[in-house]
Amino acid sequence: MLPISDAGRYRGTFPWVNVVLLGINSLVFLYEIAIGGFGFLFGGSNLDIFVFFLTYGFIPAELSSGQAFESLGPGRDGGISIATPMPTWGTLISCMFIHGGLMHFIGNMLFLWVFGDNIEDTFGHIKYLVFYLVAGVLATLAHYLIDPASQTPLVGASGAISAVMGAYLLLYPGNRIRTLIIYFLITVIELRAVWLLLIWFGLQTIQGLMSIGVSDQVSTAFFAHIGGFVVGAAVGLVVRMFRSDPRGGAGYRSGGYGGDRPAQYWRGRRID
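Residues numbered from 1 in each chain as written. Predicted model: local features only at pLDDT ≥ 70, side-chain atom pairs only at ≥ 80, totals over all residues. Heavy atoms only, no water.

**Q** Hey, could you go over the side chain of Thr84 for me, with residue numbers and the actual values?
**A** On the secondary structure map, Thr84 appears in the loop between strand S3 (80-81) and helix H4 (91-94). Among the residues examined, Thr84 registers a relative accessible area of 17% and is labelled buried. At 2.4 Å, the side chain of Thr84 forms a polar contact with the backbone oxygen of Thr55. Apart from residues no more than four positions distant in its own chain, Thr84 is found in contact with Leu54, Thr55 and Thr91. (Helix = DSSP H or I, 4+ residues; strand = E, 2+ residues; numbered from the N terminus. Buried < 20%, exposed > 50% of the residue type's maximum accessible area, 1.4 Å probe, protein only. Polar contact = N/O pair within 3.5 Å; in protein donor to acceptor, adjacent residues only side chain to side chain. Contact = heavy atoms within 4.5 Å.)

**Q** Quick one: what's the story with the sheet that holds strand S5 (residues 186-192), residue by residue and with numbers?
**A** In spatial order, the strands read S1-S4-S5; together these three strands make up an open sheet with antiparallel pairing. Each edge of the sheet is formed by a strand with only one pairing partner; in this case those strands are strand S1 (2-6) and S5. Across this sheet, the average inter-strand angle for adjacent strands is 30 degrees, counted without regard to direction. Where S1 lies against strand S4 (residues 176-182), four bridges are found, and the strand directions are antiparallel. By the bridge assignment for S4, Asp6 is matched with Ile177. Sitting on the sheet, helix H5 (residues 102-123) touches S1 and S4, and the angle it makes with S1 is about 35 degrees. On top of the sheet, helix H8 (residues 193-211) reaches S1, S4 and S5; it is set at about 110 degrees to S5, its chief contact. (Pairing = 2+ DSSP bridges. Axes fitted to C-alpha atoms, helices over the stretch in contact; angles between N-to-C directions.)

**Q** Tell me about the side chain of Gln204, residues and numbers included.
**A** Inspection of the secondary structure assignment puts Gln204 in helix H8. If we skip the residues at most four places from it in the chain, Gln204 touches Phe222, His225 and Ile226.

**Q** Outline the nonpolar core, supporting the account with residue identities and numerical values.
**A** Within the largest apolar cluster, 54 residues are counted, with the highest numbers of intra-cluster contacts made by Phe115, Ile119, Tyr128, Phe131 and Tyr132. Elements supplying a minimum of two residues to this core: helix H1 (16-36), helix H2 (47-56), H5, helix H6 (125-146), helix H7 (158-171), H8 and helix H9 (222-242). Top element by residues in this core is H7. It accounts for nine residues. Ignoring any residue separated from it by four or fewer positions in sequence, one finds Phe131 in contact with Ile119, Phe123, Gly136, Ala163, Val164, Ala167, Gly232 and Val235. (Core = buried A, V, L, I, M, F, W, Y, C linked by side-chain atoms within 4.5 Å.)

**Q** How would you summarise the confidence of the model for the protein chain if you had to cite specific residues and measurements?
**A** When pLDDT is low, close inspection of the predicted coordinates is not appropriate. Scored by pLDDT, the protein chain has a mean of 84; 83% of the residues are at 70 or more. In the model, residues 246-261 has pLDDT below 50 throughout and makes 36 contacts with residues more than four positions away in sequence or in other chains. (pLDDT = per-residue confidence, 0-100.)

**Q** Mind laying out the pairing of S5, listing which residues take part and the relevant values?
**A** Inspection of the sheet shows S4 paired to S5 by seven bridges, in the antiparallel sense. Bridge pairing in S5 places Arg176 opposite Arg192. Connecting S4 to the next strand, S5, in antiparallel fashion are three residues.

**Q** Describe H8, and please don't skip the residues or the numbers.
**A** Taking 1.5 Å per residue, 19 residues should reach 27 Å; H8 reaches 27 Å between its end C-alpha atoms and fits that length. Taken as a whole, H8 has its buried residues at Ala193, Leu196, Leu197, Trp200, Gln204, Gly208 and Ser211. Projected onto a plane normal to the axis of H8, the buried residues spread over an arc of 95 degrees and lie on a single side. For H8, the exposed residues set more than 90 degrees away from the buried face come down to Trp195, Ile206, Leu209 and Met210. (Expected span 1.5 Å × (residues − 1). Arc of directions from axis to C-beta.)

**Q** How would you sum up the packing of H6 against H9? Please name residues and give values.
**A** For the pair H6 and H9, the least separation of the axes is 7 Å and the interaxial angle reads 140 degrees. When the axes of H6 and H9 are compared, the pair comes out oblique. In terms of crossing hand, the pair formed by H6 and H9 is right-handed. Counting all contacts with H6, which are made through Phe131, Ala135, Leu138, Ala139, Ala142, His143 and Ile146, the residues of H9 involved are Phe223, Ala224, Gly227, Gly228, Val231, Gly232 and Val235. (Parallel < 35°, antiparallel > 145°, perpendicular 65-115°, else oblique. Left-handed = near helix turned anticlockwise from the far one by under 90°.)

**Q** Explain a nonpolar patch on the surface residue by residue, including any values.
**A** Together, Phe14, Trp16, Val19, Val20, Ile24, Trp113, Ile126, Val130, Val134 and Leu138 make up an exposed nonpolar region whose accessible area comes to about 950 Å². The set of elements that each furnish at least two residues to the nonpolar patch consists of H1 and H6. Inspection of the secondary structure assignment puts Trp16 in helix H1. (Patch = residues over 30% accessible without salt bridge, like charges linked within 9 Å, V, L, I, M, F, W, Y side chains within 5 Å. Areas by Shrake-Rupley, 256 points an atom, 1.4 Å probe, with all protein chains shown as cover. Salt bridge = Lys/Arg side-chain N within 4 Å of Asp/Glu carboxyl O.)

Put into structure tokens, the structure is as follows:
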């Protein structure tokens, strides 16, 4: 299931932080294509992109041992350098802007595009940026706790975006999401956010439990998704408690929380 768009909601501000995050991720992905070649888009790999992942991705074993990996393989010159030009904890942030292929990148950016703007409008620009980065780090640490000895680099914005989705669940549960369903047939349906996000979280939880003990053999960091979603839902709950709209919706930055705002419509039907 891939969200395409959500019902138009009145925003008082332009989501420039969300746009900048999308832009940074896109620029880094273009750099990955430059060093990995076009074959990288479709699952191919080469030494350069592998070294890039090892250098800037988060490797749990580095944090557990307290010692960063410096080189890859033996050689007269000490092997290929994978030394990260920052402390190991810095990769908790750098890994959030790296993606492992075209579908990984498109999927994450699509989720961020659909869900991020409303959360930014509710939180405010700076608070949204802090929320995104901190929740992303906590999501990565959730992945770390499952297998702290893993030497497989973790890359992707999924943990931070999962936190955005968790906050969306609490703040906009009734909002309608146009969703692309790819199963036996390809179709687009409308789902309320509460159902889409709970189904997504349930699938992540089931797959995460099934991956325990074999996480190094699984390409998806399910517990980063789970951890991020729980963090986001907790933050969303707090925001909802203190900034709720008495008419049933989440708070808005423009006009005050619960103040007058234009009627909201979704494909001709009033939704507020």
